[in-house]
Amino acid sequence: MTNFAELGLDPLLLQALAEAGHETPTPIQAQAIPAALQGRDVLGIAQTGTGKTAAFALPILHRLKQGGGRPPRGGCRVLVLSPTRELASQIADSFKKYGKHLGFSTEVVFGGVGHVPQQKALARGVDVLVATPGRLLDHMGTRHARLDHVEVLVLDEADQMLDKGFLPPIRKIVAAVPQRQQTMFFSATMPTDIANLARDMLRDPVRVEVTPVATTAERVNQRAILLEPNAKRAMLAKLLRGEGVGRTLIFSRTKHGADKIVKALEQDGLSANAIHGNKGQSQRERALAEFKSGRAPILVATDIAARGIDVREVTHVIQHDLPEVPETYVHRIGRTARAGAEGEAVALVAPDELGLLRAVERLTRQSVPMEDQRADKSGRLDDRATPVRPQRGPRPGRGGDQQPSRKPQQSQGRHQPPAKGQQAKPQGQQRRPDAPRGGEAPRRRPGDDSGRVFMARGR
Ligand code: AMP
(Lines give C-alpha, C1' and ligand atoms only; values in the text may rest on other atoms or scores of the structure.)
Protein backbone atom coordinates (compact mmCIF):
# COMPACT_ATOMS: atom_id res chain seq x y z
CA MET A 1 0.00 0.00 0.00
CA THR A 2 1.64 3.21 -1.08
CA ASN A 3 -0.87 5.92 -0.30
CA PHE A 4 -4.07 6.71 1.55
CA ALA A 5 -6.13 7.38 -1.58
CA GLU A 6 -5.90 3.69 -2.50
CA LEU A 7 -7.67 2.87 0.75
CA GLY A 8 -10.77 4.61 -0.55
CA LEU A 9 -10.97 7.26 2.16
CA ASP A 10 -13.14 10.34 1.78
CA PRO A 11 -11.39 13.20 -0.08
CA LEU A 12 -11.80 15.50 2.92
CA LEU A 13 -9.94 12.98 5.05
CA LEU A 14 -7.23 12.73 2.40
CA GLN A 15 -6.90 16.48 2.50
CA ALA A 16 -6.48 16.48 6.29
CA LEU A 17 -3.94 13.66 6.05
CA ALA A 18 -1.94 15.62 3.51
CA GLU A 19 -2.04 18.66 5.78
CA ALA A 20 -0.83 16.49 8.68
CA GLY A 21 2.07 15.35 6.49
CA HIS A 22 1.01 11.70 6.52
CA GLU A 23 1.77 10.29 3.10
CA THR A 24 1.99 6.55 3.52
CA PRO A 25 -0.20 4.36 5.72
CA THR A 26 1.71 2.64 8.50
CA PRO A 27 1.48 -1.17 8.57
CA ILE A 28 -1.34 -1.19 11.12
CA GLN A 29 -3.26 1.39 9.08
CA ALA A 30 -2.80 -0.51 5.83
CA GLN A 31 -4.15 -3.65 7.48
CA ALA A 32 -6.94 -2.24 9.64
CA ILE A 33 -8.49 0.51 7.51
CA PRO A 34 -9.88 -1.60 4.64
CA ALA A 35 -11.55 -4.03 7.05
CA ALA A 36 -12.89 -1.26 9.27
CA LEU A 37 -14.29 0.59 6.25
CA GLN A 38 -16.34 -2.50 5.50
CA GLY A 39 -17.75 -2.36 9.02
CA ARG A 40 -15.83 -5.37 10.30
CA ASP A 41 -14.79 -5.63 13.95
CA VAL A 42 -11.04 -5.21 14.44
CA LEU A 43 -8.65 -6.77 16.92
CA GLY A 44 -5.44 -4.72 16.72
CA ILE A 45 -2.28 -5.82 18.44
CA ALA A 46 -0.23 -2.69 18.46
CA GLN A 47 1.11 -0.15 20.84
CA THR A 48 1.24 3.62 20.81
CA GLY A 49 3.62 4.90 18.16
CA THR A 50 2.45 2.53 15.45
CA GLY A 51 -0.15 4.93 14.04
CA LYS A 52 -2.98 2.91 15.56
CA THR A 53 -5.08 5.98 16.43
CA ALA A 54 -5.45 6.89 12.78
CA ALA A 55 -6.05 3.21 12.04
CA PHE A 56 -9.37 3.47 13.86
CA ALA A 57 -10.11 7.23 13.60
CA LEU A 58 -9.96 7.42 9.80
CA PRO A 59 -12.47 4.65 8.99
CA ILE A 60 -14.75 5.86 11.79
CA LEU A 61 -14.81 9.39 10.43
CA HIS A 62 -15.32 8.10 6.90
CA ARG A 63 -18.29 6.01 7.95
CA LEU A 64 -19.81 8.80 10.04
CA LYS A 65 -19.73 11.04 6.99
CA GLN A 66 -21.21 8.39 4.70
CA GLY A 67 -23.96 7.54 7.14
CA GLY A 68 -25.20 11.04 7.90
CA GLY A 69 -27.25 11.32 11.09
CA ARG A 70 -27.00 13.44 14.18
CA PRO A 71 -25.66 12.75 17.68
CA PRO A 72 -28.28 11.86 20.28
CA ARG A 73 -28.90 14.29 23.16
CA GLY A 74 -27.07 13.11 26.25
CA GLY A 75 -25.07 10.60 24.25
CA CYS A 76 -22.65 9.98 21.43
CA ARG A 77 -22.31 8.05 18.18
CA VAL A 78 -18.74 6.90 18.67
CA LEU A 79 -17.28 5.98 22.04
CA VAL A 80 -13.54 5.51 22.51
CA LEU A 81 -12.34 4.23 25.88
CA SER A 82 -8.81 5.10 26.99
CA PRO A 83 -6.93 4.13 30.19
CA THR A 84 -5.40 7.57 30.83
CA ARG A 85 -6.35 11.19 30.53
CA GLU A 86 -3.29 11.98 28.46
CA LEU A 87 -4.07 9.31 25.93
CA ALA A 88 -7.73 10.37 25.87
CA SER A 89 -6.71 13.95 25.03
CA GLN A 90 -4.38 12.75 22.31
CA ILE A 91 -7.00 10.51 20.75
CA ALA A 92 -9.48 13.40 20.73
CA ASP A 93 -6.84 15.64 19.14
CA SER A 94 -6.31 13.04 16.43
CA PHE A 95 -10.04 12.88 15.66
CA LYS A 96 -10.07 16.68 15.43
CA LYS A 97 -6.97 16.72 13.24
CA TYR A 98 -8.18 14.10 10.76
CA GLY A 99 -11.79 15.26 10.88
CA LYS A 100 -11.06 18.98 10.64
CA HIS A 101 -12.94 19.37 7.31
CA LEU A 102 -15.92 17.23 8.32
CA GLY A 103 -17.46 19.27 11.13
CA PHE A 104 -18.07 16.49 13.67
CA SER A 105 -18.02 17.28 17.36
CA THR A 106 -15.45 15.60 19.63
CA GLU A 107 -15.40 15.72 23.41
CA VAL A 108 -13.25 14.19 26.14
CA VAL A 109 -14.45 12.97 29.49
CA PHE A 110 -11.96 12.13 32.23
CA GLY A 111 -11.45 12.53 35.95
CA GLY A 112 -9.51 15.19 37.82
CA VAL A 113 -11.50 18.08 36.32
CA GLY A 114 -15.00 19.46 36.95
CA HIS A 115 -18.10 17.45 36.02
CA VAL A 116 -20.29 20.30 34.85
CA PRO A 117 -18.64 21.27 31.53
CA GLN A 118 -18.60 17.59 30.61
CA GLN A 119 -22.28 17.24 31.55
CA LYS A 120 -23.15 20.24 29.38
CA ALA A 121 -21.23 18.86 26.41
CA LEU A 122 -22.93 15.49 26.80
CA ALA A 123 -26.34 17.09 27.08
CA ARG A 124 -25.90 18.66 23.62
CA GLY A 125 -24.85 15.29 22.19
CA VAL A 126 -21.48 14.58 20.61
CA ASP A 127 -20.35 12.66 17.57
CA VAL A 128 -17.14 11.29 19.06
CA LEU A 129 -16.69 10.86 22.80
CA VAL A 130 -13.30 9.83 24.18
CA ALA A 131 -13.50 8.81 27.82
CA THR A 132 -11.67 7.16 30.67
CA PRO A 133 -13.87 4.46 32.24
CA GLY A 134 -14.22 5.82 35.79
CA ARG A 135 -15.55 9.24 34.88
CA LEU A 136 -17.78 7.87 32.17
CA LEU A 137 -19.39 5.54 34.73
CA ASP A 138 -19.93 8.56 37.03
CA HIS A 139 -21.81 10.32 34.25
CA MET A 140 -23.82 7.21 33.51
CA GLY A 141 -24.68 6.90 37.21
CA THR A 142 -26.00 10.47 37.35
CA ARG A 143 -27.82 9.96 34.03
CA HIS A 144 -25.73 12.52 32.22
CA ALA A 145 -24.46 9.97 29.73
CA ARG A 146 -26.48 7.39 27.85
CA LEU A 147 -24.81 4.94 25.56
CA ASP A 148 -27.75 3.29 23.87
CA HIS A 149 -27.12 5.12 20.59
CA VAL A 150 -23.43 4.30 20.29
CA GLU A 151 -22.73 3.00 16.80
CA VAL A 152 -19.01 2.32 17.12
CA LEU A 153 -17.11 1.34 20.25
CA VAL A 154 -13.30 1.44 20.49
CA LEU A 155 -11.29 0.08 23.39
CA ASP A 156 -7.73 1.38 23.29
CA GLU A 157 -4.72 0.05 25.21
CA ALA A 158 -6.76 -2.73 26.72
CA ASP A 159 -3.77 -4.21 28.56
CA GLN A 160 -3.28 -0.92 30.37
CA MET A 161 -6.94 -1.02 31.36
CA LEU A 162 -6.25 -4.36 32.98
CA ASP A 163 -3.18 -3.02 34.81
CA LYS A 164 -5.21 -0.13 36.17
CA GLY A 165 -8.05 -2.34 37.40
CA PHE A 166 -10.50 -1.02 34.81
CA LEU A 167 -11.86 -4.34 33.59
CA PRO A 168 -15.02 -4.35 35.79
CA PRO A 169 -15.97 -0.77 34.77
CA ILE A 170 -15.32 -1.65 31.15
CA ARG A 171 -17.59 -4.66 31.27
CA LYS A 172 -20.33 -2.41 32.72
CA ILE A 173 -19.84 0.15 29.98
CA VAL A 174 -19.82 -2.46 27.24
CA ALA A 175 -23.07 -3.89 28.58
CA ALA A 176 -24.60 -0.42 28.22
CA VAL A 177 -23.77 -0.27 24.49
CA PRO A 178 -26.12 -2.89 23.10
CA GLN A 179 -26.84 -1.43 19.67
CA ARG A 180 -23.35 -0.95 18.36
CA GLN A 181 -22.60 -1.93 14.80
CA GLN A 182 -18.85 -2.11 15.09
CA THR A 183 -16.23 -2.69 17.79
CA MET A 184 -12.48 -2.15 17.59
CA PHE A 185 -10.14 -3.39 20.25
CA PHE A 186 -6.45 -2.48 20.60
CA SER A 187 -3.84 -3.85 22.94
CA ALA A 188 -0.05 -4.13 22.89
CA THR A 189 -0.10 -7.55 24.54
CA MET A 190 -2.72 -10.26 24.91
CA PRO A 191 -2.75 -11.67 28.43
CA THR A 192 -5.56 -14.14 29.04
CA ASP A 193 -7.94 -11.67 30.69
CA ILE A 194 -7.62 -9.34 27.73
CA ALA A 195 -8.05 -12.13 25.22
CA ASN A 196 -11.24 -13.16 27.04
CA LEU A 197 -12.56 -9.61 27.02
CA ALA A 198 -11.81 -9.32 23.30
CA ARG A 199 -13.60 -12.59 22.61
CA ASP A 200 -16.68 -11.36 24.49
CA MET A 201 -16.74 -7.99 22.77
CA LEU A 202 -15.87 -8.77 19.16
CA ARG A 203 -17.83 -10.49 16.41
CA ASP A 204 -15.74 -12.30 13.82
CA PRO A 205 -12.96 -9.72 14.05
CA VAL A 206 -10.18 -9.10 11.59
CA ARG A 207 -6.95 -9.55 13.52
CA VAL A 208 -4.20 -7.09 12.66
CA GLU A 209 -0.79 -7.12 14.23
CA VAL A 210 2.40 -5.13 13.85
CA THR A 211 5.96 -6.31 13.99
CA PRO A 212 7.16 -8.06 17.10
CA VAL A 213 9.82 -6.38 19.10
CA ALA A 214 12.55 -8.84 18.25
CA THR A 215 13.27 -6.54 15.38
CA THR A 216 12.71 -3.56 17.59
CA ALA A 217 14.01 -0.20 17.80
CA GLU A 218 15.98 -0.24 14.66
CA ARG A 219 16.26 3.49 14.80
CA VAL A 220 16.96 3.67 18.52
CA ASN A 221 20.59 3.59 19.54
CA GLN A 222 20.54 1.80 22.83
CA ARG A 223 23.24 1.73 25.44
CA ALA A 224 23.59 1.09 29.14
CA ILE A 225 25.93 2.61 31.69
CA LEU A 226 26.93 0.52 34.68
CA LEU A 227 27.52 2.71 37.72
CA GLU A 228 27.04 2.95 41.46
CA PRO A 229 23.57 4.13 42.50
CA ASN A 230 24.94 7.31 44.05
CA ALA A 231 26.66 8.23 40.78
CA LYS A 232 23.40 8.34 38.82
CA ARG A 233 22.69 11.96 39.64
CA ALA A 234 26.01 13.27 38.28
CA MET A 235 25.77 11.02 35.23
CA LEU A 236 22.29 12.29 34.46
CA ALA A 237 23.45 15.91 34.53
CA LYS A 238 26.43 15.03 32.34
CA LEU A 239 24.26 13.24 29.79
CA LEU A 240 21.77 16.09 29.69
CA ARG A 241 24.54 18.56 28.96
CA GLY A 242 25.87 16.38 26.16
CA GLU A 243 25.94 17.34 22.51
CA GLY A 244 22.80 16.84 20.45
CA VAL A 245 20.57 16.39 23.47
CA GLY A 246 17.17 17.93 22.74
CA ARG A 247 13.88 16.90 24.28
CA THR A 248 14.63 14.23 26.83
CA LEU A 249 12.29 11.95 28.68
CA ILE A 250 13.67 10.51 31.92
CA PHE A 251 11.97 7.49 33.44
CA SER A 252 11.73 6.88 37.13
CA ARG A 253 10.24 3.76 38.67
CA THR A 254 8.33 5.72 41.33
CA LYS A 255 6.50 9.03 41.69
CA HIS A 256 8.62 9.99 44.66
CA GLY A 257 11.75 9.12 42.69
CA ALA A 258 10.58 11.35 39.82
CA ASP A 259 10.20 14.31 42.18
CA LYS A 260 13.64 13.64 43.66
CA ILE A 261 15.22 13.60 40.22
CA VAL A 262 13.62 16.93 39.33
CA LYS A 263 14.92 18.45 42.57
CA ALA A 264 18.44 17.14 42.02
CA LEU A 265 18.47 18.41 38.44
CA GLU A 266 17.35 21.81 39.59
CA GLN A 267 20.14 21.89 42.15
CA ASP A 268 22.48 21.04 39.29
CA GLY A 269 21.17 23.98 37.28
CA LEU A 270 18.91 22.02 34.92
CA SER A 271 15.26 22.84 34.85
CA ALA A 272 12.88 19.91 34.53
CA ASN A 273 9.24 19.00 35.14
CA ALA A 274 7.81 15.81 36.56
CA ILE A 275 4.68 14.07 35.33
CA HIS A 276 3.05 11.34 37.39
CA GLY A 277 -0.20 10.26 39.00
CA ASN A 278 0.10 12.56 42.01
CA LYS A 279 0.21 15.66 39.85
CA GLY A 280 -3.01 17.53 39.23
CA GLN A 281 -4.45 17.67 35.75
CA SER A 282 -3.40 21.27 35.14
CA GLN A 283 0.16 20.54 36.32
CA ARG A 284 0.38 17.61 33.95
CA GLU A 285 -0.98 19.58 31.06
CA ARG A 286 1.43 22.43 31.73
CA ALA A 287 4.39 20.07 31.96
CA LEU A 288 3.42 18.39 28.69
CA ALA A 289 2.82 21.69 26.93
CA GLU A 290 6.21 23.02 28.05
CA PHE A 291 7.85 19.81 26.93
CA LYS A 292 6.13 19.93 23.56
CA SER A 293 6.96 23.58 22.98
CA GLY A 294 10.56 23.03 24.05
CA ARG A 295 10.32 25.54 26.91
CA ALA A 296 11.13 22.82 29.44
CA PRO A 297 12.73 20.09 27.35
CA ILE A 298 13.43 17.73 30.24
CA LEU A 299 10.48 15.69 31.49
CA VAL A 300 10.75 13.14 34.27
CA ALA A 301 7.96 10.58 34.11
CA THR A 302 6.65 7.40 35.63
CA ASP A 303 5.55 4.70 33.22
CA ILE A 304 1.82 5.15 33.64
CA ALA A 305 2.04 8.91 33.17
CA ALA A 306 4.26 8.56 30.12
CA ARG A 307 2.02 6.07 28.45
CA GLY A 308 0.64 7.59 25.32
CA ILE A 309 2.78 10.72 25.41
CA ASP A 310 3.32 11.44 21.79
CA VAL A 311 5.87 14.14 21.33
CA ARG A 312 7.84 14.21 18.19
CA GLU A 313 11.53 14.82 18.33
CA VAL A 314 12.25 13.26 21.67
CA THR A 315 15.97 12.88 21.07
CA HIS A 316 16.80 10.97 24.23
CA VAL A 317 15.13 8.57 26.59
CA ILE A 318 17.08 8.05 29.79
CA GLN A 319 16.07 5.31 32.18
CA HIS A 320 17.16 6.41 35.62
CA ASP A 321 15.91 3.08 36.96
CA LEU A 322 15.32 -0.04 34.96
CA PRO A 323 11.74 -1.31 35.06
CA GLU A 324 10.71 -4.50 36.83
CA VAL A 325 8.81 -5.66 33.77
CA PRO A 326 11.02 -5.95 30.70
CA GLU A 327 8.26 -5.05 28.23
CA THR A 328 8.20 -1.64 29.89
CA TYR A 329 11.76 -1.04 28.70
CA VAL A 330 10.54 -1.42 25.13
CA HIS A 331 7.63 0.93 25.69
CA ARG A 332 10.03 3.45 27.16
CA ILE A 333 12.54 3.43 24.35
CA GLY A 334 9.63 3.62 21.90
CA ARG A 335 9.09 7.21 23.11
CA THR A 336 12.05 8.22 20.97
CA ALA A 337 12.65 7.48 17.30
CA ARG A 338 8.99 8.16 16.58
CA ALA A 339 7.60 8.59 13.12
CA GLY A 340 10.84 8.02 11.31
CA ALA A 341 13.22 10.00 13.53
CA GLU A 342 16.35 8.57 15.14
CA GLY A 343 16.74 8.46 18.89
CA GLU A 344 19.07 7.57 21.72
CA ALA A 345 18.09 5.44 24.68
CA VAL A 346 20.41 5.30 27.67
CA ALA A 347 19.83 3.11 30.70
CA LEU A 348 21.58 3.86 33.99
CA VAL A 349 22.19 0.51 35.58
CA ALA A 350 23.29 -0.06 39.15
CA PRO A 351 25.03 -3.40 39.78
CA ASP A 352 21.94 -4.79 41.43
CA GLU A 353 19.86 -3.93 38.34
CA LEU A 354 21.91 -6.05 35.97
CA GLY A 355 19.42 -8.89 36.26
CA LEU A 356 16.72 -6.52 34.99
CA LEU A 357 18.86 -5.59 32.00
CA ARG A 358 19.37 -9.25 31.23
CA ALA A 359 15.63 -9.82 31.31
CA VAL A 360 15.25 -7.05 28.71
CA GLU A 361 17.92 -8.62 26.54
CA ARG A 362 16.22 -11.98 26.74
CA LEU A 363 12.89 -10.47 25.76
CA THR A 364 14.17 -8.44 22.82
CA ARG A 365 16.84 -10.97 21.91
CA GLN A 366 19.25 -8.10 21.52
CA SER A 367 22.23 -7.21 23.62
CA VAL A 368 22.52 -3.66 24.87
CA PRO A 369 26.08 -2.29 24.68
CA MET A 370 27.25 -1.39 28.17
CA GLU A 371 30.00 0.85 29.50
CA ASP A 372 31.35 0.17 32.96
CA GLN A 373 31.60 3.56 34.63
CA ARG A 374 31.94 2.36 38.20
CA ALA A 375 34.65 4.14 40.12
CA ASP A 376 35.74 0.84 41.62
CA LYS A 377 35.51 -1.91 39.06
CA SER A 378 36.85 -4.57 41.38
CA GLY A 379 33.45 -5.19 43.00
CA ARG A 380 32.33 -8.69 42.13
CA LEU A 381 29.24 -8.88 40.01
CA ASP A 382 27.48 -12.04 40.95
CA ASP A 383 26.73 -14.67 38.40
CA ARG A 384 23.07 -13.81 38.11
CA ALA A 385 23.95 -10.22 37.50
CA THR A 386 26.65 -10.77 34.91
CA PRO A 387 25.56 -8.92 31.82
CA VAL A 388 24.96 -10.57 28.51
CA ARG A 389 27.90 -10.89 26.24
CA PRO A 390 27.25 -9.12 22.95
CA GLN A 391 26.21 -11.42 20.18
CA ARG A 392 28.42 -14.05 18.70
CA GLY A 393 30.49 -13.67 15.63
CA PRO A 394 33.64 -11.61 15.26
CA ARG A 395 33.23 -7.93 15.73
CA PRO A 396 35.20 -5.47 13.65
CA GLY A 397 38.49 -4.51 15.24
CA ARG A 398 38.24 -7.07 17.99
CA GLY A 399 40.03 -9.90 16.28
CA GLY A 400 37.07 -12.13 16.89
CA ASP A 401 38.09 -12.79 20.49
CA GLN A 402 34.92 -14.30 21.82
CA GLN A 403 36.19 -16.03 24.93
CA PRO A 404 33.59 -16.10 27.64
CA SER A 405 34.20 -13.43 30.18
CA ARG A 406 32.78 -13.00 33.66
CA LYS A 407 33.43 -9.31 33.56
CA PRO A 408 30.97 -6.88 32.10
CA GLN A 409 31.72 -6.09 28.51
CA GLN A 410 32.60 -2.58 27.67
CA SER A 411 31.31 -2.18 24.22
CA GLN A 412 31.16 1.32 22.94
CA GLY A 413 30.07 0.86 19.37
CA ARG A 414 26.61 0.93 17.89
CA HIS A 415 24.70 -2.19 18.55
CA GLN A 416 24.22 -4.44 15.56
CA PRO A 417 21.10 -6.55 15.75
CA PRO A 418 21.83 -10.24 15.73
CA ALA A 419 21.78 -11.87 12.34
CA LYS A 420 18.81 -14.11 11.61
CA GLY A 421 19.23 -17.47 13.23
CA GLN A 422 22.08 -16.12 15.31
CA GLN A 423 20.27 -14.28 18.01
CA ALA A 424 22.25 -13.23 21.03
CA LYS A 425 21.55 -15.37 24.03
CA PRO A 426 22.62 -14.69 27.55
CA GLN A 427 25.60 -16.80 28.37
CA GLY A 428 24.68 -20.12 29.79
CA GLN A 429 21.02 -19.27 29.26
CA GLN A 430 19.75 -21.26 26.33
CA ARG A 431 16.04 -20.87 25.95
CA ARG A 432 14.18 -24.01 26.87
CA PRO A 433 12.28 -25.42 23.93
CA ASP A 434 9.03 -25.06 25.86
CA ALA A 435 9.80 -21.63 27.26
CA PRO A 436 7.75 -18.74 25.98
CA ARG A 437 9.56 -16.10 24.01
CA GLY A 438 11.01 -13.70 26.49
CA GLY A 439 11.96 -16.67 28.63
CA GLU A 440 12.18 -16.09 32.32
CA ALA A 441 11.38 -12.43 32.33
CA PRO A 442 10.37 -11.50 35.85
CA ARG A 443 6.76 -10.90 36.80
CA ARG A 444 5.22 -11.88 33.54
CA ARG A 445 1.56 -12.15 34.25
CA PRO A 446 0.37 -15.71 34.53
CA GLY A 447 -1.47 -16.60 31.39
CA ASP A 448 0.22 -13.96 29.28
CA ASP A 449 1.00 -16.19 26.43
CA SER A 450 1.81 -13.49 23.97
CA GLY A 451 5.42 -13.10 25.08
CA ARG A 452 5.71 -10.25 22.65
CA VAL A 453 5.74 -6.56 22.56
CA PHE A 454 5.36 -4.54 19.45
CA MET A 455 6.91 -1.57 17.78
CA ALA A 456 6.11 0.62 14.86
CA ARG A 457 8.14 0.04 11.77
CA GLY A 458 8.45 1.06 8.25
CA ARG A 459 7.68 4.75 8.47
P1 AMP B 1 -0.18 6.61 17.45
O2 AMP B 1 0.41 5.24 17.37
O3 AMP B 1 -1.57 6.65 16.98
O4 AMP B 1 0.03 7.18 18.81
O5 AMP B 1 0.64 7.55 16.42
C6 AMP B 1 1.97 7.90 16.59
C7 AMP B 1 2.40 9.10 15.77
O8 AMP B 1 2.49 8.76 14.39
C9 AMP B 1 1.48 10.32 15.82
O10 AMP B 1 2.31 11.46 15.98
C11 AMP B 1 0.81 10.38 14.50
O12 AMP B 1 0.51 11.70 14.13
C13 AMP B 1 1.87 9.79 13.60
N14 AMP B 1 1.33 9.11 12.44
C15 AMP B 1 0.21 8.35 12.38
N16 AMP B 1 0.03 7.86 11.14
C17 AMP B 1 1.05 8.31 10.40
C18 AMP B 1 1.43 8.14 9.02
N19 AMP B 1 0.71 7.38 8.20
N20 AMP B 1 2.54 8.75 8.60
C21 AMP B 1 3.28 9.50 9.45
N22 AMP B 1 3.00 9.70 10.75
C23 AMP B 1 1.89 9.11 11.22
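Residues numbered from 1 in each chain as written. Predicted model: local features only at pLDDT ≥ 70, side-chain atom pairs only at ≥ 80, totals over all residues.

(A) Quick peek at the overall build of the protein. Along the protein, the regular secondary structure elements total 15 helices and 14 strands. Taken over 459 residues, the protein has a buried fraction of 46%. Pairs at least 24 apart in sequence give 77% of the contacts found in the protein among residues at least 6 apart. (Helix = DSSP H or I, 4+ residues; strand = E, 2+ residues; numbered from the N terminus. Buried ≥ 20, exposed ≤ 12 C-beta atoms within 10 Å, placed from the backbone. Contact = placed C-beta atoms within 7 Å.)

(B) Geometry of the packing of helix α6 (residues 133-141) against helix α8 (residues 167-175). Where α6 contacts α8, the axes come no closer than 9 Å and their chain directions differ by 45°. Classified by the interaxial angle, the pair formed by α6 and α8 is oblique. By crossing handedness, the relation of α6 to α8 is classed as left-handed. Here Pro 133, Gly 134, Leu 136 and Leu 137 of α6 lie close against α8, whose contacting residues are Pro 169, Ile 170, Lys 172 and Ile 173. (Axes fitted to C-alpha atoms, helices over the stretch in contact; angles between N-to-C directions. Parallel < 35°, antiparallel > 145°, perpendicular 65-115°, else oblique. Left-handed = near helix turned anticlockwise from the far one by under 90°.)

(C) Up close: the pairing of strand β5 (residues 152-155). Alternating residues of β5 divide into Val 152 and Val 154 and Leu 153 and Leu 155, and every residue in both groups is buried. Where β5 meets strand β6 (residues 182-187), four bridges bridge the pair, whose relative direction is parallel. Within the sheet, the bridge partner assigned to Leu 155 lies in β6 and is Phe 185. (Pairing = 2+ DSSP bridges.)

(D) Inspection of the nonpolar core at higher detail. Residues Val 78, Leu 79, Tyr 98, Leu 129, Val 130, Ala 131 and Phe 185 are the most contacted members of the largest nonpolar core, which totals 66 residues. A per-element tally of this core places helix α3 (residues 52-67) first, with eight residues. Apart from residues lying up to four places away in sequence, Leu 129 is in contact with Cys 76, Val 78, Leu 79, Glu 107 and Val 109. Formed by 45 residues, the second largest nonpolar core is a distinct cluster that contains Ala 224, Ile 225, Leu 265 and Ile 275. (Core = buried A, V, L, I, M, F, W, Y, C linked by C-beta atoms within 7 Å.)

(E) Just the sheet that holds strand β8 (residues 220-226), in detail. With parallel pairing, the seven strands of this open sheet are ordered in space as β10-β11-β9-β12-β13-β8-β14. Bordering the open sheet on either side are β10 (273-275) and β14 (370-372), each of which pairs with just one other strand. Taking the axes of each pair of neighbouring strands and ignoring which way they run, one obtains an average angle of 20° across the sheet. Here strand β12 (residues 314-319) runs beside strand β13 (residues 343-349); their pairing, made up of four bridges, is parallel. When the sheet's bridge partners are listed, Gln 319 is paired in β13 with Ala 347. Those strands touched by helix α10 (residues 232-240) are β8, β9 (247-251), β11 (298-301), β12 and β13, and its axis lies near 165° from that of β13.

(F) How the structure looks around the environment of Glu 324. Here Glu 324 is to be found in the loop between β12 and α14 (326-333). Sequence separation between Glu 324 and Gly 355 is 31 residues, and the spatial gap between their C-alpha atoms is 9.8 Å.

(G) Representation of the confidence of the model for the protein within the structure. On average, residues of the protein carry a pLDDT of 80, and 78% of them reach 70 or more. Low pLDDT, under 50, characterises residues 212-216; the predicted model gives this stretch 13 contacts beyond four residues in sequence or across chains. Predicted confidence for residues 383-459 stays below pLDDT 50, and this span has 130 contacts to residues more than four positions away or in other chains. (pLDDT = per-residue confidence, 0-100.)

(H) Broad picture of unusual backbone geometry. Positive phi outside glycine occurs at Glu 157, with the angle close to 50°. Topologically, Glu 157 is positioned in the loop between β5 and α7 (158-163). The backbone of Asp 204 shows a phi angle near 45°, a positive value even though the residue is not glycine. Considering the arrangement of structural elements, one finds Asp 204 in the loop between α9 (192-201) and β7 (206-209). Since 6 C-beta atoms lie within 10 Å of it, Asp 204 is described here as exposed.

(I) Up close: helix α4 (residues 85-98). With 14 residues, α4 extends 20 Å from end C-alpha to end C-alpha; this agrees with the ideal 20 Å at 1.5 Å per step. Among the 14 residues in α4, ten count as buried, and that is most of the element. Turning to α4, its buried residues are Arg 85, Glu 86, Leu 87, Ala 88, Gln 90, Ile 91, Ala 92, Ser 94, Phe 95 and Tyr 98. The inward-facing, buried residues of α4 abut α1 (11-20), α3, β2 (76-81), β3 (106-109), β4 (126-131) and α12 (281-293). (Expected span 1.5 Å × (residues − 1).)

(J) Spatial organisation of the sheet that holds β6. In space, the seven strands of this open sheet follow the order β3-β4-β2-β5-β6-β1-β7, with parallel pairing throughout. Single-partner strands in this sheet number two, and they are β3 and β7. Within this sheet the neighbouring strands show an average axis-to-axis angle of 15°, counted without direction. Pairing between β3 and β4: four bridges, direction parallel. In the strand pairing of β4, Val 109 is matched with Ala 131. Packing against the sheet, α3 makes contact with β1 (42-45), β2, β4, β5 and β6, and its axis sits at approximately 175° to β2.

(K) Fine view of α9. Among all positions of α9, only Ile 194, Leu 197, Ala 198 and Met 201 are buried. For α9, the arc enclosing every buried residue in end-on projection is 100°, short of the 170-degree limit, so these residues lie on one face. Turned more than 90 degrees away from the buried face of α9, the exposed residues are Asn 196, Arg 199 and Asp 200. Taken together, the buried residues of α9 touch β1, α7, α8 and β6. (Arc of directions from axis to C-beta.)

(L) Seen up close, the pairing of β1. Taking every second residue as pointing to the same face, both faces of β1 are buried, with Val 42 and Gly 44 on one and Leu 43 and Ile 45 on the other. Pairing of β1 with β6 involves four bridges; the strand directions are parallel. Bridge pairing links Leu 43 to Phe 185 in β6. Where β1 and β7 come together, four bridges link them in parallel fashion. Its bridge partner being in β7, Gly 44 is matched across the sheet by Val 208.

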